[in-house]
Structures are given as structure tokens and as C-alpha cells.
Amino acid sequence: MSTGHPYVKNEKFRETCPISLYDVAAVETWLEDLARRGYRPVGFTGAQVELLPDEPRESRFRLQPLQRRKETLNPERVEAYRVMGWQLVGQLGPFWVWRCDDPAAPELDTDPVVQGEGYRYLKRRMARSLIWTSLLLAVFVGVCILNWFIVSAPLLNAVEDALPGYWLCAVPLSILGLIQIVLNVRNMRGLWRTLTAGVPLTRPRPYRRGQIFGGAAYLLMCLFYAMCFVGMGLSYGTGPHFTWSAEEDGSPKQEVRYVDLRALDGAQNVEYFRIRTKCQELAPRMYWVDQTAPWHEGAERRPRAATAYYEMLTEGLAAELAEELLAEQPGFLAWVPGTAEPVPASALDGFWWTETRYEDGDTIQYAVARLGRRVLAVGYTGPTDLRTETAYLASLLME
């Protein structure tokens with residue numbers, strides 16, 4: 001066993017083919033590089049190659065397309081190739097893979113036109129695969145779009161419920177899937193045109209860019225599916241989800257934006273029941289703070305301020321979120337959706353306010369304020385009229 005080899009001798013392991021199988025010359029070059037590095041391909045499972053540590057050597061690998069869906073190799077063909085110096089390694093996707101360690105052995109295919117004729121079945125198979133892959137991609141994108149329109153508050157749900165990074169995976173994954181379809185079509189068309197024109201394949205063929213692309217797509221796919229499973233298992237009940245604490249010594253950290261009862265109506269001895277934060281690609285900063293103060297004399301309810309603060313990626317997203325907050329009741333705020341009316345406020349880009357009166361005479365106010373990319377929603381029970389505090393609310397939304 002050669003020194004410095006990272007694997008135990010005779011210990012089989014697998015590696016996924018990092019490039020499109022339809023880029024035949026690149027796949028052959030990749031297999032030859034594996035042999036050159038001391039890895040011997042001994043079989044295939046799907047798009048994975050089974051490897052054994054071996055002495056580094058120069059080898060040639062050639063891919064030949066299957067002629068039908070479940071083709072069985074003729075033993076005479078295998079024997080004829082063996083006499084020529086070629087051994088069958090296995091089936092990689094729609095290809096038979098052959099290996100030769102003898103540099104003097106002749107090539108398997110010497111006539112590109114005849115070689116190209118062998119790809120007729122593969123062209124039909126790829127066309128069917130292309131249709132199914134395109135349909136699956138269209139269904140995936142369609143479900144995402146449909147869900148966006150069906151859900152009553154899609155943006156609010158996206159920023160509150162989605163696992164951070166979900167959309168950063170979903171969108172690039174859809175784009176990479178489309179690019180992969182285009183690349184497969186281009187590779188097959190290029191292969192067909194090259195061979196039928198009588199031009200042999202050029203080897204070795206660079207594959208590093210395809211390797212990086214395939215690795216990125218595989219990583220994104222794994223992350224996306226992991227996020228889907230995590231999201232389905234942990235996002236039940238009222239939001240927000242996937243948040244973490246933003247408190248320090250029982251109080252909000254200095255950077256937290258929220259309506260403070262001490263500043264709003266001079267309350268003392270306030271208590272906090274929730275101080276949470278979250279970062280998400282559509283909303284880089286979010287805070288949720290629930291605060292109460294001791295009873296006022298003669299009041300039936302303790303003063304309370306439940307604040308939700310959102311710093312959105314763009315002003316357009318902030319405007320859309322403000323509309324959804326007015327049409328959809330957040331889980332921790334008690335008010336009647338659709339009742340808030342716009343109130344003039346020179347310090348803000350938008351301010352909406354409503355009030356609900358209880359049978360005992362107490363009231364709860366609900367307000368949504370927007371300034372640039374920032375939106376604040378607050379449910380408040382107390383003596384102060386929020387319509388007179390627009391300057392204070394604007395100060396919470398400034399840079």
C-alpha cells in the first residue's frame with residue numbers, strides 16, 4: 001500500500017459523478033484522473049462510482065451508450081473487447097464504461113459517424129428525461145408560486161415562518177435546475193453533431209467548471225430538502241418560528257427596536273414576557289417584544305405593548321408587509337383585521353390605527369407604522385393615544 005493514501009486498502013467507497021453524464025469526454029477524463037490519483041473504479045450505482053484504492057496509473061476510459069432500455073451485453077462482445085485490451089467496469093447511467101491500461105491497445109470506436117449512430121436511443125431517452133425533468137421543475141416552481149397567492153399573508157408567513165436561508169436555497173436551486181437542463185441539451189446536441197460530422201471527440205476535456213457547478217447544485221439540494229423537513233417538523237402553531245433570544249439581564253438588548261411602555265406613558269417596573277429576534281434573507285432584522293406594566297388605578301387590565309419590528313430588504317417589500325399586517329392578525333396581537341384606517345403622520349411614510357373597546361370600557365389599540373424599509377406593528381393597552389405618538393414611533397424606525 002502506498003504511503004499517504006487516505007483510505008484503507010480494499011475498503012470500497014463511493015463518489016458521485018460531479019458533471020453531466022451527457023458530457024461524455026469530460027466524464028471519461030474525470031475517470032482517468034481518478035485512476036491517475038490512485039483510485040480504481042470497480043462499479044457504478046446510479047450516478048455514483050464505486051472506488052478502491054490502487055496504485056496510481058495511466059488508464060483510458062470510454063463510455064458507450066446503451067442501445068435499448070434494458071440492454072444485456074453480448075458475451076462475445078465483452079470477450080472481443082477483452083482481447084483488444086478493454087475490460088468492462090459497469091454501467092454508469094445510460095452508458096457502458098470500459099477501461100484499458102494498455103497504451104498500445106486500439107480505440108474501441110474508430111469511426112465517429114458510426115459511433116454517433118449508436119446515440120440514437122440515448123437521444124430519445126434524453127428527450128423523455130428532459131420532458132419529465134422540466135415538468136418536475138415546473139411543478140416545483142408552480143407550487144411555490146401558487147402557495148404565495150393562496151396564503152393570505154405570504155410575505156409575512158415567509159419572513160416569520162421560513163427557516164433562514166430557505167429562499168436563498170430554493171431560488172438558486174430552481175435556476176441551477178434550469179441551467180442543468182439547458183447544459184444537458186447542449187452537451188447532447190454538441191456530441192451528436194460532432195460525431196455525425198465525422199469529428200472524433202477531443203480528449204482530455206476540462207471538467208472543473210462542471211464539477212464546481214454540480215457540487216454547488218448538490219449542496220443546495222441537500223440543504224433545501226433538509227430545510228423542508230426541519231420546517232415541516234418545527235413550524236406548527238402560531239409564529240414566529242426559528243427565532244432566538246434578544247435579551248440581556250432580563251431586558252431587551254440595546255439594538256432591539258420596540259415600543260417601550262416607559263417611554264410611551266412613563267410606566268415603571270415593567271415586565272417582559274418575550275424578547276425574540278430573527279434574521280431572514282427578505283428581512284435582515286426582526287424583533288418581537290411583549291411588555292407589561294403594573295395596573296393603573298381603576299383600570300381593568302394591565303398596560304401592555306406587544307411589538308413586532310421588521311427591517312425589510314427593500315421599500316417595496318416593506319410596503320407589501322405593511323398591507324399584510326393590516327389584513328392579517330399576527331398571532332400575538334388582539335385586534336380585528338381590516339379595521340385599521342390611515343392616519344396622517346408627517347414623520348412616517350404610512351401610519352394606520354384602529355381601536356377595539358371591551359365591555360368594561362378598556363380599549364386595545366393596534367397600529368402599523370412604516371418608514372422606508374422598516375415596519376412596526378404594535379398592539380397596545382394603556383392610557384396613551386398612539387395617534388399622538390407618531391414622532392416616537394418614527395424614531396424607532398429611523399437608521
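Before going into details, it helps to say that this report is about the structure given with it. Keep in mind it's a predicted model, so treat the numbers as computed, not measured.

**With respect to the sheet that holds strand β15 (residues 363–371)**
No. 1: The sheet built from eight strands is open, its strands ordered β7-β10-β11-β12-β16-β15-β14-β13 with antiparallel pairing. Each end of this open sheet is capped by a strand with a single partner; those strands are β7 (244–245) and β13 (341–342).
No. 2: Bridge count for strand β11 (residues 283–292) against strand β12 (residues 304–311) is eight bridges, and the pairing is antiparallel. In the sheet register, Thr 292 faces β12, and the bridge partner there is Arg 304.
No. 3: Taken strand by strand, helix α9 (residues 315–327) contacts β12, β14 (350–357), β15 and β16 (374–381), and its axis lies near 165° from that of β15.
No. 4: Helix α10 (residues 390–397) contacts β12, β14, β15 and β16 of the sheet and is inclined by roughly 135° relative to β16.

**Observations concerning the pattern of salt bridges**
Should their charged atoms come close, side chains of opposite charge can pair.
No. 1: As enumerated under the stated definition, the model contains 20 salt bridges in all.
No. 2: Here Arg 203 makes a salt bridge to Glu 28, at a shortest N to O gap of 2.4 Å. Of this pair, Arg 203 sits in the loop between α6 (166–196) and α7 (208–234) while Glu 28 sits in helix α1 (residues 24–36), placing them 175 residues apart in sequence.
No. 3: For Glu 28, a relative accessible area of 1% puts it in the buried group.
No. 4: Among the salt bridges present, the one from Asp 54 reaches Arg 40, with a minimum N-O distance of 3.4 Å. Taken together, the positions of Asp 54 in the loop between β3 (48–53) and β4 (60–65) and Arg 40 in strand β2 (residues 39–45) put the pair 14 residues apart, joining distant regions of the chain.
No. 5: For Asp 54, a relative accessible area of 17% puts it in the buried group.
No. 6: Each of Arg 40, Asp 54, Arg 57, Arg 99 and Asp 101 takes part in one network of salt bridges that share partners.

**Observations regarding α6**
No. 1: Over its 31 residues, α6 runs 45 Å from end to end, which matches the ideal 45 Å to within 8%, given 1.5 Å per residue.
No. 2: Phi turns positive one or two residues past the end of α6, at Gly 198, with a value near 85°.

**Structural notes on the packing of helix α5 (residues 154–161) against α9**
No. 1: Viewed as axis vectors pointing N to C, α5 and α9 meet at an angle of 100°, and their least axial separation amounts to 8 Å. Relative to α9, the element α5 is oriented roughly perpendicular. Judged by residue contacts, Pro 154, Leu 155 and Leu 156 of α5 engage Leu 317, Glu 320, Leu 321, Glu 324 and Leu 325 from α9.
No. 2: Of the residues that constitute the contact of α5 with α9, the class distribution is six nonpolar, no polar and two charged.

**Quick look at the sheet that holds strand β1 (residues 13–16)**
No. 1: Spatially, the three strands line up as an open sheet ordered β1-β3-β2, and their pairing is antiparallel. One side of each edge strand has no neighbouring strand; the edge strands of this open sheet are β1 and β2. Taking the axes of each pair of neighbouring strands and ignoring which way they run, one obtains an average angle of 35° across the sheet.
No. 2: Judged from the four bridges that link them, β1 and β3 form a sheet pairing that is antiparallel. Looking across to β3, one finds that Arg 14 is bridged to Glu 50.

**Concerning unusual backbone geometry**
No. 1: Across the junction of Arg 203 and Pro 204, the peptide omega takes the value -5°, indicating a cis bond.
No. 2: Here Pro 204 shows up in the loop between α6 and α7.
No. 3: In this structure, Phe 242 takes a positive phi of about 60° despite not being glycine.
No. 4: Of note, Phe 242 is situated in the loop between α7 and β7.

**Regarding the layout of surface pockets**
No. 1: If you add up the space inside the second largest pocket, you get close to 240 Å³.
No. 2: Around the second largest pocket, the lining comprises 15 residues; the ones closest to its centre are Asp 23, Leu 191, Thr 194, Leu 201 and Arg 205.
No. 3: Mapped onto the lining of the second largest pocket, the elements with two or more residues apiece are α1 and α6.
No. 4: Tallied by class, the residues present in the lining of the second largest pocket amount to eight nonpolar, four polar and three charged.

Procedures and definitions
Residues numbered from 1 in each chain as written. Predicted model: local features only at pLDDT ≥ 70, side-chain atom pairs only at ≥ 80, totals over all residues. Heavy atoms only, no water. Pairing = 2+ DSSP bridges. Helix = DSSP H or I, 4+ residues; strand = E, 2+ residues; numbered from the N terminus. Contact = heavy atoms within 4.5 Å. Axes fitted to C-alpha atoms, helices over the stretch in contact; angles between N-to-C directions. Salt bridge = Lys/Arg side-chain N within 4 Å of Asp/Glu carboxyl O. Buried < 20%, exposed > 50% of the residue type's maximum accessible area, 1.4 Å probe, protein only. Expected span 1.5 Å × (residues − 1). Parallel < 35°, antiparallel > 145°, perpendicular 65-115°, else oblique. Nonpolar A, V, L, I, M, F, W, Y, C, P; charged D, E, K, R; others polar. 1 Å grid on protein atoms, 1.4 Å probe; cavity = no way out; pocket = protein on both sides within 12 Å on 5 of 7 lines; lining within 4 Å. Points joined across faces, edges and corners; volume = space filled by probe spheres on them.

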